[in-house]
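Remarks on the overall topology
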Amino acid sequence: MWPARRPETVSCPACGATIDRERAREYDKHGDRWDREGKEFEHLCRSCYDDLCQYPRDELEDLLVEIGAGERSRDAFLAAYVRSVEERYGPFEEQ
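Here the structure is a predicted model, which means the values were calculated and not measured.

Once that is clear, we can look at the side chain of H43. With respect to the element layout, H43 can be found in strand β4 (residues 42-44). Side-chain polar atoms of H43 contact the side chain of R21, separated by 3.4 Å. Looking at H43, its side chain comes within polar contact range of the main-chain oxygen of F41, at 3.5 Å. Beyond its immediate sequence surroundings of up to four residues, H43 is in contact with V10, S11, C12, P13, R21, A24, R25 and E26.

Moving on to the pattern of salt bridges. Throughout the structure, instances matching the rule amount to 2 salt bridges. Close ionic contact of R88 with E59 constitutes a salt bridge, the shortest N to O distance being 3.7 Å. In this pair, R88 is assigned in helix α3 (residues 74-89) and E59 in the loop between α1 (46-51) and α2 (60-66), connecting sequence segments 29 residues apart. For R88, a relative accessible area of 35% corresponds to the partly exposed category.

Cut-offs and rules
Residues numbered from 1 in each chain as written. Predicted model: local features only at pLDDT ≥ 70, side-chain atom pairs only at ≥ 80, totals over all residues. Heavy atoms only, no water. Helix = DSSP H or I, 4+ residues; strand = E, 2+ residues; numbered from the N terminus. Polar contact = N/O pair within 3.5 Å; in protein donor to acceptor, adjacent residues only side chain to side chain. Contact = heavy atoms within 4.5 Å. Salt bridge = Lys/Arg side-chain N within 4 Å of Asp/Glu carboxyl O. Buried < 20%, exposed > 50% of the residue type's maximum accessible area, 1.4 Å probe, protein only.

Structure below.
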């Protein structure tokens, strides 16, 4: 039996562009693209991938769920985010 074929084109979830899969960059929203077992990756176009922050996102997903991201106004979200980050990691300092 032949393995399932992957689609030849994919849509970039960031900008909506349709691109050849071979030219796209794999993206794992959990930040662990090296652990591949049982995962399906999204694919970004090169320019959107280059715009991504490549820093680790430990605890970020849980924090966003905890403070209700997407369920409140922008101002309320930002206030809750700053408050939560300062409670966990200390006050922000200007550099």
